[in-house]
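# Tertiary structure, described
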Amino acid sequence: MPRSSAIRVRPRLRVLFAIPLVAALALSAPVSGQIAQERVDLDAISRIRQEGLEHSQIPELARHLTDVIGPRLTGSPGMKEANEWTAAMLRSWGLTDVTIEPWGRFGRGWENVAYEGRILTPYSQVMPGQASGWTGSTKGTITAPAFVVEGGVDSIARYGITARGALVLVAPPRATPAEFKEYERRTPLDSLFAPVRQRPGMQIGWDTLLVKIQKQQAHGDSLLRAAGVAGVIAGSGTAYGTIRGGGDWSATNPDAPIPVPTVIIQQEQYNQIYRNVTSGVPVAIQLNVQNKFLTSDLNAYNTLGDIRGTDKADEYVMIGAHLDSWHYANGATDNGAGTIVMMEAMRILKTLDLHPRRTIRIALWSGEEEGIYGSRNWIRKHPEMAPKISAYLNLDNGTGKVRGIWDQSNEKAVPIFEQILWPFRDLGVMTVRRGNTGSTDHVSFDDAGIPGFNFIQDPIEYSLRTHHSSNDVYDHLMLDDLKQAAVVVAATAYELANRDEMFPRK
Ligand SMILES: [Zn+2]
């Protein structure tokens, strides 16, 4: 709900409504120390809504990115193809300075080329699964016993030669509780407006954290190699056959030894193998997993493009999302959704031939899943840009429609976004929430002192099933929600680009 002072800060309603005289008086003559009034261009907003809601290209963009290009693991051929396709689309809409820009050295690329799994005993059954990222291959098709290592990978040495040649299970089984709990799909209003209990920020920087994770992974890899295991079988950690996983980031380093083959299987089947082995019932597994490490180009790339501004062309409003994904499906909700919303926002602005005062730049990042590399390194590479970027807007919380935006603890952002987003109440955009959200590319901007924001989205079709999983596919995209998001993003970027002042820094 608007705060009590909102009557003073509402946008002029010159197109959609007639303004009562009293309200019009309240809108003029701002008093010093009060919230400044945003000039919200309702003509442009009305056109953006019409183009974005009635002539959307979201479905077609979504279809090509997910069904044709597919998974976009950073450094993989899919990622390269996505960089090229997004650049070609941006060019076709008339954006300028479209580039596929290396952000630096990422390391080895990786892709899975074959997988066949079968449990042979105590009875024959298929073992659907997927290779964990940046792990190795079996020597053709192997047949090996399943072997339970209790106490995790650190205790594997205790088993001596008994684990040699086995497919080891190093994690305990995991319950898959019945789905009686109803999960929120749309965010109820009261929770959109509830005060946020802010989690403390990350105590260590990204680089330190990533080095720590990679060290741990490399240590685990060396223990498994020393034990001479044939491979690792891991459970997906989620129910109903969903395969969800990550990867071994330490093996992106081209000098690192190749980790043992590691496959992620359905949690229920993992639990079954575990129960059988620990009950003395031998389990034999037939496995063929073939992965390719790619070393011809160790760089990774972002796709960028501009709608050139008019009188403030050397200042920027940036919008962005990460284009890379995990390889377990095709990254539809994480983050094909954000990618196509940002692309569509640019298409809408260009199609309507709107001329923003500042340059609006789209950035489609890579390396996000492995540590927000693409955006962080782009900022490092372009220190001259930091003072010129008014604000950065990000979308990376799935496929749900936009319900608001986080102020990222910048109090001055609240009245600006409240006024700009106000015309989208009827589309469900309700709140500018005080608080930080983390874990994606706007953090790179925030950390560099540039106002960086991430939209709040409905949780529909995201974390429960699709996030980083084999279900992250086109069918789970909420296309109408993405149309709404593209309209909101296009309008927000346009309004910010037309402000007299740069976006206030914290
Ligand atoms: Zn993401």
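Residues numbered from 1 in each chain as written. Predicted model: local features only at pLDDT ≥ 70, side-chain atom pairs only at ≥ 80, totals over all residues. Heavy atoms only, no water.

Check the secondary structure of the protein and you find 13 helices and 16 strands. Relative to a compact globule of 506 residues, whose C-alpha radius of gyration would be 23 Å, the protein shows 25 Å and is just as compact. Taking the principal axes of the C-alpha coordinates as reference, the protein spans close to 85 × 50 × 40 Å. Taken across its 506 residues, the protein has 55% of its residues classed as buried. Look at the contacts in the protein between residues 6 or more apart in sequence, and 86% of them connect residues 24 or more apart. The averaged location of the 54 negative side-chain charges in the protein is 3 Å from the averaged location of its 52 positive side-chain charges. (Helix = DSSP H or I, 4+ residues; strand = E, 2+ residues; numbered from the N terminus. Rg over C-alpha atoms; globule rule 2.2 N^0.38 Å. Buried < 20%, exposed > 50% of the residue type's maximum accessible area, 1.4 Å probe, protein only. Contact = heavy atoms within 4.5 Å. Lys, Arg positive; Asp, Glu negative; His and termini not counted. Charge placed at Lys NZ, Arg CZ, Asp CG, Glu CD.)

A few words on the confidence of the model for the protein. Taken over all residues, the pLDDT of the protein has a mean of 91, while the share at 70 or more is 92%. Residue range residues 1–30 is modelled with pLDDT below 50. Its contacts to residues more than four positions away, or to other chains, number 38 contacts. (pLDDT = per-residue confidence, 0-100.)

Bound to the zinc ion are the protein donor atoms H322 (NE2), D334 (OD), D396 (OD) and D396 (OD), situated 1.9 to 2.6 Å from the metal. In this structure, the zinc ion is coordinated by four donor atoms arranged in irregular fashion, with angles at the metal of 52 to 148°. (Donors = N, O, S within 2.8 Å, 3.2 Å for Na, K, Ca; no water. Tetrahedral: all angles 85-135°; square planar, octahedral: opposite > 155°, others 65-115°.)

At a closest axis distance of 8 Å, the pairing of helix α9 (residues 332–351) and helix α13 (residues 479–497) adopts a crossing angle of 55°. With respect to each other, α9 and α13 are oriented oblique. Classified by chirality, the crossing of α13 by α9 is right-handed. Listed contacts from α13 to A337, I340, V341, M342, E344, A345, I348 and L349 of α9 are L482, A485, A486, V489, A490 and Y494. Class assignment of the residues belonging to the contact of α9 with α13 gives a composition of 13 nonpolar, no polar and one charged. (Axes fitted to C-alpha atoms, helices over the stretch in contact; angles between N-to-C directions. Parallel < 35°, antiparallel > 145°, perpendicular 65-115°, else oblique. Left-handed = near helix turned anticlockwise from the far one by under 90°. Nonpolar A, V, L, I, M, F, W, Y, C, P; charged D, E, K, R; others polar.)

On to the packing of aromatic side chains, then. Each aromatic ring pair is summarised here by two numbers: the centre-to-centre distance and the angle between the ring planes. If you walk through the whole model with that rule in mind, you get 16 aromatic pairs. Between F106 and Y373, the aromatic rings sit 6.4 Å apart at their centres with planes inclined by 75°, giving edge-to-face as the arrangement. Note that F106 is positioned in the loop between β1 (96–105) and β2 (109–119) and Y373 in helix α10 (residues 373–381), a separation of 267 residues in sequence. Of the two residues examined, F106 and Y373, each falls in the buried class. Relative to W134, the ring of W110 lies with its centre 6.4 Å away and its plane at 35°, an arrangement referred to as tilted. A residue pair is termed long-range when its members are at least 10 positions apart, and W110 in strand β2 and W134 in the loop between β4 (129–131) and β5 (142–148) qualify at 24 residues. Judged by its relative accessible area of 1%, W110 is buried. (Phe/Tyr/Trp six-rings, centres within 6.5 Å; stacked < 30°, edge-to-face > 60°.)

Quick look at the pairing of strand β16 (residues 452–457) now. With six of its six residues buried, β16 lies for the most part within the structure. With three bridges connecting them, strand β13 (residues 389–394) and β16 associate as parallel partners. Residue pairing in the sheet places L393 in a bridge with F453 of β16. Pairing analysis gives three bridges linking strand β14 (residues 402–406) to β16, with the strands arranged antiparallel. (Pairing = 2+ DSSP bridges.)

This paragraph deals with the sheet that holds strand β6 (residues 167–169). If you walk across this open sheet you meet the eight strands as β3-β2-β9-β5-β6-β7-β8-β4, and the pairing is mixed. With one partner strand each, in any of the chains shown, β3 (125–126) and β4 form the two edges of the open sheet. Sheet analysis places β2 next to β3, joined by two bridges and oriented antiparallel. Residue pairing for β3: R118 is matched across the bridge by V126. Lying on the sheet, helix α8 (residues 267–278) is in contact with β2, β3, β5, β6, β7 (231–235), β8 (262–265) and β9 (284–294); it crosses β5 at an angle near 75°.

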